[in-house]
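Residues per chain are reported as follows:
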Amino acid sequence: MMIVMKEGASKAEIDAVIKRVESVGAHAHISAGELVTVIGAIGDREHVANLGLEGAPGVDHLVPILKPYKLASLQYRREQRTVLEIDGRRIGGEHFATIAGPCTVESREVLLDTARTVRDAGAQFLRGGAYKPRTSPYSFQGLGEAGLRLLAEAKAETGLPIVTELLDSQHADVIHEHADVVQIGARNMQNYALLEVAGKLGLPVLLKRGLSSSLEELLMAADYVLKEGNERVMLCERGIRTFETATRFTLDLSAVPWLKLHTHLPVIVDPSHATGDRRLVEPLARAAAAVGADGIIVEVHGDPEAALCDGPHSLYAHDFGDFARRVAAHAELDGKRIA
Ligand code: PEP
Ligand code: MN
């Protein structure tokens, strides 16, 4: 339930509503706009409805949110889209951003070379995993904290904010120290305890869609982060499991316009993991921009053949500049500005 307060409702009136919402075990999520405060009452719908808040002092009207996700819904934000601003770069609304870098931080040299290349080609963020969720326990698992330190060095040199994955809550402090955006990987989209930890960290969160998760489930996962008071969340379509095996996953491009109809959160697309094949990355990145994505996240490597992880879909660093220009042209056609 959304409780829309009157313009100019007093703090005492707002506090009284919060107290009543909490008295039935519901969580009150406050969204203070310029003119109007909206209180999201997250909990048992009947209990909240029975509070009889219509007509309470300072309350303008109530709006039931019928969807299973609440805070992520476009309705909750009263049709106002979230634009994330991170280190002066914007994602969402009319701003299109490119996040690029190696799958995994492998070495100082590869990381710094790639970071310089993507920065020079106009990427806004550097990606790189220090803790990797590998399907096989025998595959390279990432450099851990040493990898995070290398990312910090790359940021110091290029100025690019860092996007890196939080794999386990035990890494929360060290991720908090080095990341600018916390990525929650597809395999952890339904790790609810981890989503709450990410929400509490206070950094922007890039939430990837689970391999077999519906879009409603993705939005409910986003609510786990948002309910911790962290409003800086972006969603990422990265391909889902279908019967098709020609590509690594099936990129669900319809997710982008569907999400735009239902959530205020920015939506980005990962054509790299979706396809597993670098030859498909550019056409799908362009398509993502054309259907209204707010950005892309792509893997880039100076020498993909030697990459320790995901070489087959990593773009050659020397191709990245042309790639980024062609994708930007599609984003501009859709009315976006490059962040
Ligand atoms: C990644 O971006 O490094 C990654 C592992 O992606 P996903 O969680 O989508 O598989
Ligand atoms: Mn990867």
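Residues numbered from 1 in each chain as written. Chains lettered and ligands numbered in written order. Predicted model: local features only at pLDDT ≥ 70, side-chain atom pairs only at ≥ 80, totals over all residues. Heavy atoms only, no water.

What follows is about the packing of helix H3 (residues 108-120) against helix H4 (residues 145-158). Contact pair H3 / H4: the axes reach a minimum separation of 10 Å and the direction vectors enclose 35 degrees. Crossing of H3 over H4 shows right-handed handedness. Where H3 approaches H4, its residues Arg108, Leu111, Leu112, Ala115, Arg116 and Arg119 are matched on the opposing element by Leu150, Leu151, Glu153, Ala154, Glu157 and Thr158. (Axes fitted to C-alpha atoms, helices over the stretch in contact; angles between N-to-C directions. Helix = DSSP H or I, 4+ residues; strand = E, 2+ residues; numbered from the N terminus. Left-handed = near helix turned anticlockwise from the far one by under 90°. Contact = heavy atoms within 4.5 Å.)

In this model, the protein chain carries a mean pLDDT of 96, and residues with pLDDT of at least 70 account for 100%. In the model of the protein chain, helix H2 (residues 45-49) stands out as the element of lowest mean pLDDT, 86, in contrast to strand S12 (residues 233-237), which has the highest, 99. (pLDDT = per-residue confidence, 0-100.)

This part is about empty space enclosed by the protein. In this structure the tally under the stated criterion is two cavities of 30 Å³ or more. When its volume is computed, the largest cavity comes out at roughly 40 Å³. Of the residues in the lining of the largest cavity, the class split is three nonpolar, two polar and two charged. Each pocket or cavity is described by its volume, and for the second largest cavity that value is around 30 Å³. In terms of lining, the second largest cavity is formed by Arg127, Gly128, Gly129, Lys132, Val163, Thr164, Glu165 and Gln183. With three residues, strand S9 (residues 162-165) is the largest single contributor of residues to the lining of the second largest cavity. Here the residues of the lining of the second largest cavity sort into one nonpolar, four polar and three charged. (1 Å grid on protein atoms, 1.4 Å probe; cavity = no way out; pocket = protein on both sides within 12 Å on 5 of 7 lines; lining within 4 Å. Points joined across faces, edges and corners; volume = space filled by probe spheres on them. Nonpolar A, V, L, I, M, F, W, Y, C, P; charged D, E, K, R; others polar.)

This part is about the site of ligand 1. The environment of ligand 1 is formed by Arg127, Lys132, Pro133, Gln183, Gly185, Ala186, Arg187, Lys208, Arg238, His273 and Glu299. Relative to its unbound accessible surface of 290 Å², ligand 1 loses 96% to contact with the protein. The pocket occupied by ligand 1, as judged from atoms lying within 2 Å of grid points, is the second largest pocket. For the shell around ligand 1, the class distribution of residues is two nonpolar, three polar and six charged. (Near = heavy atom within 4 Å. Areas by Shrake-Rupley, 256 points an atom, 1.4 Å probe, with all protein chains shown as cover. Sits in = over half its atoms within 2 Å of the grid points.)

Under the criterion given, the structure shown has two aromatic pairs. Consider the rings of tyrosine 192 and tyrosine 224, whose centres lie 4.5 Å apart with planes at 20 degrees: the pair is stacked. Remark: tyrosine 224 occurs in helix H7 (residues 215-226) and tyrosine 192 occurs in helix H6 (residues 192-201); sequence separation between them is 32 residues. We classify tyrosine 192 as partly exposed; its relative accessible area is 34%. Positioned above the aromatic ring of phenylalanine 249 is the side chain of arginine 238, whose terminal nitrogen or guanidinium carbon lies 4.2 Å from the ring centre. (Phe/Tyr/Trp six-rings, centres within 6.5 Å; stacked < 30°, edge-to-face > 60°. Buried < 20%, exposed > 50% of the residue type's maximum accessible area, 1.4 Å probe, protein only. Lys NZ or Arg CZ within 6 Å of the ring centre and 35° of its normal.)

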